[in-house]
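# Analysis of the macromolecular model
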Amino acid sequence: MVTPAAKRKAVARLKEGFGMSERRACKAIGGCRMTVRYETSRPDDRELRARMKAIAQERRRFGYRRLLVMLRREGLVVNHKKLFRLYREEKLAVRRRGGRKRAIGTRAPMLVPLRPDERWSLDFVSDQLTDGRRLRILAVVDDCTRECLVLIVDTSLSGMRVARELDRLITERGRPRMIVSDNGSEFTSNAILAWADQNRVEWHYIAPGKPMQNGFIESFNGRLRDELLNETLFTSQAQARVAIALWRADYNTARTHSQIAWQTPAEFASTFNPRRSLALRYAKGSAPAPVASPAQQGKTHAGNELKTG
């Protein structure tokens, strides 16, 4: 019996079950009569608790800090310490997945681009349908605004397909100065080397076995897998495309980001002077534009090869 609530229950038990007086019961358990007689004056916060539980049920992988931001955006004023107390009382703590990764050696912070479309990050995420068929997702992220520019879902994505999707994306947003990726076969193919040469885009390959050098897209992939892929079973490719498109729209327009002052990526991007209005960009709705057609059989040879490493 450590907490005051436990001591009050013990005193009540002794009084009802053994007929003890309050004084004798407090002496028996080593408690204080003032503690037993104290009546809390805290409000029940039913509205706050209900809204917090509703958001936590909808977004199961959100912690109390992000719930605090979302509640404040809805107009509910609450202190972060009080919300954390209610968060623990309602048993909403998010279970950690996997072990803790410890850094070895010294680390240097990654440089953050100062303008949109200065640097894009690319990577693939793998998943599967309920029948075992494989799914591949191409993710493209703007390292400055943290926007998810595109999520392409298909059973196979070749280098030529990636080049066509980048052409479509450049038509909508403009050409980036640099693209960062790993040394996967799709990104080192002749089709990508030729595309980067023709479009005069600097393509930087991270060192093999060093995913931390592409930390922006790796962090995004973790959020995608933790909040959507691990929480959803896909029965068909069409269902996967719709669900991933809705999640992408929510990520850009509703989900707050801690590294950009708890703004959404769309709100943070609106603080710049982009080439294209954000209103026009998101007026198309949550569904993505039609993806490019699958790659055709054939070979493409680059005129000039780019250096890797």
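Since this is a predicted model, take the numbers as computed values, not measurements.

## Describing the overall build of the protein chain
From N to C terminus, the protein chain includes 12 helices and five strands. Within the protein chain, the fraction of its 309 residues that count as buried is 39%. Accessible area of the protein chain: about 18,900 Å², with a carbon and sulfur share of 50%.

## Observations concerning unusual backbone geometry
Of all residues except glycine, most have a negative phi; of all peptide bonds, most are trans. At D117, a position not held by glycine, the phi torsion is positive, near 65°. Looking at the element boundaries, D117 is found in the loop between α6 (80-89) and β1 (119-128). Classification of D117 by relative accessible area gives buried; the value is 8%. Positive phi, normally seen in glycine, also occurs at R200, with a value near 55°.

## A look at the packing of helix α4 (residues 46-58) against α6
For the pair α4 and α6, the least separation of the axes is 11 Å and the interaxial angle reads 65°. Here α4 lies roughly perpendicular to α6, going by the angle between them. The two elements α4 and α6 cross, and the hand of that crossing is right-handed. Of α6, the residues touching α4 (which contributes L48, R49 and M52) are L83, R85, L86, Y87 and E89. Tallied by class, residues from the contact of α4 with α6 come to five nonpolar, no polar and three charged.

## Section: the pairing of strand β4 (residues 178-181)
One ladder, built from three bridges, connects β1 with β4; its direction is parallel. Opposite W120, over in β4, you have I179 as the bridge partner. Sheet topology note: the β4/strand β5 (residues 202-205) ladder contains four bridges and is parallel. When the sheet's bridge partners are listed, M178 is paired in β5 with E202. Handedness of the crossover joining β4 and β5 through helix α8 (residues 190-199): right-handed.

## Let's talk about the nonpolar core
Note that soluble globular proteins tend to have their nonpolar side chains buried in a common cluster. Core analysis: the biggest nonpolar cluster contains 23 residues, and L122, W195 and W203 have the highest contact counts within it. Taken together, the elements giving at least two residues each to this core come down to β1, β2 (134-142), β3 (148-154), α7 (159-173), α8 and β5. Residue contributions to this core peak at five residues, all from α7. Among residues more than four places away in sequence, those in contact with L122 are A139, V140, V162, L166, I179, V180, S181, F187, W203, N214 and I217. Among the nonpolar cores identified, the runner-up in size contains 19 residues, and L135, I217, F220 and A240 belong to it.

## Here we look at the sheet that holds β3
A sheet is described by the order of its strands in space; here five strands give the open sequence β3-β2-β1-β4-β5, paired in mixed fashion. The open sheet has two edge strands with one neighbour each: β3 and β5. With direction set aside, neighbouring strand axes in the sheet form an average angle of 20°. Sheet strands in contact with helix α9 (residues 215-229) are β1, β2 and β3, and its direction is about 35° off that of β1.

## Structural notes on helix α10 (residues 237-253)
The end-to-end C-alpha distance of α10, which contains 17 residues, comes to 24 Å, matching closely the 24 Å that a straight helix rising 1.5 Å per residue would cover. Of the positions making up α10, those classed as buried are A240, I244, A245, W247, R248, A249, Y251 and N252.

## Overview of the environment of D127
Position of D127 relative to the elements: it lies in strand β1. Considered as a pair, D127 and F234 are 107 residues apart in the sequence and their alpha carbons are 9.3 Å apart.

## Details of the confidence of the model for the protein chain
Put simply, the protein chain has an average pLDDT of 83, and 83% of its residues get 70 or more. Across residues 274-309, confidence stays below pLDDT 50; counting only partners more than four residues off in sequence or on other chains, it has 62 contacts.

Rules and cut-offs
- Residues numbered from 1 in each chain as written.
- Predicted model: local features only at pLDDT ≥ 70, side-chain atom pairs only at ≥ 80, totals over all residues.
- Heavy atoms only, no water.
- Helix = DSSP H or I, 4+ residues; strand = E, 2+ residues; numbered from the N terminus.
- Buried < 20%, exposed > 50% of the residue type's maximum accessible area, 1.4 Å probe, protein only.
- Areas by Shrake-Rupley, 256 points an atom, 1.4 Å probe, with all protein chains shown as cover.
- Axes fitted to C-alpha atoms, helices over the stretch in contact; angles between N-to-C directions.
- Parallel < 35°, antiparallel > 145°, perpendicular 65-115°, else oblique.
- Left-handed = near helix turned anticlockwise from the far one by under 90°.
- Contact = heavy atoms within 4.5 Å.
- Nonpolar A, V, L, I, M, F, W, Y, C, P; charged D, E, K, R; others polar.
- Pairing = 2+ DSSP bridges.
- Right-handed = clockwise from strand over helix to strand, strands pointing away.
- Core = buried A, V, L, I, M, F, W, Y, C linked by side-chain atoms within 4.5 Å.
- Expected span 1.5 Å × (residues − 1).
- pLDDT = per-residue confidence, 0-100.

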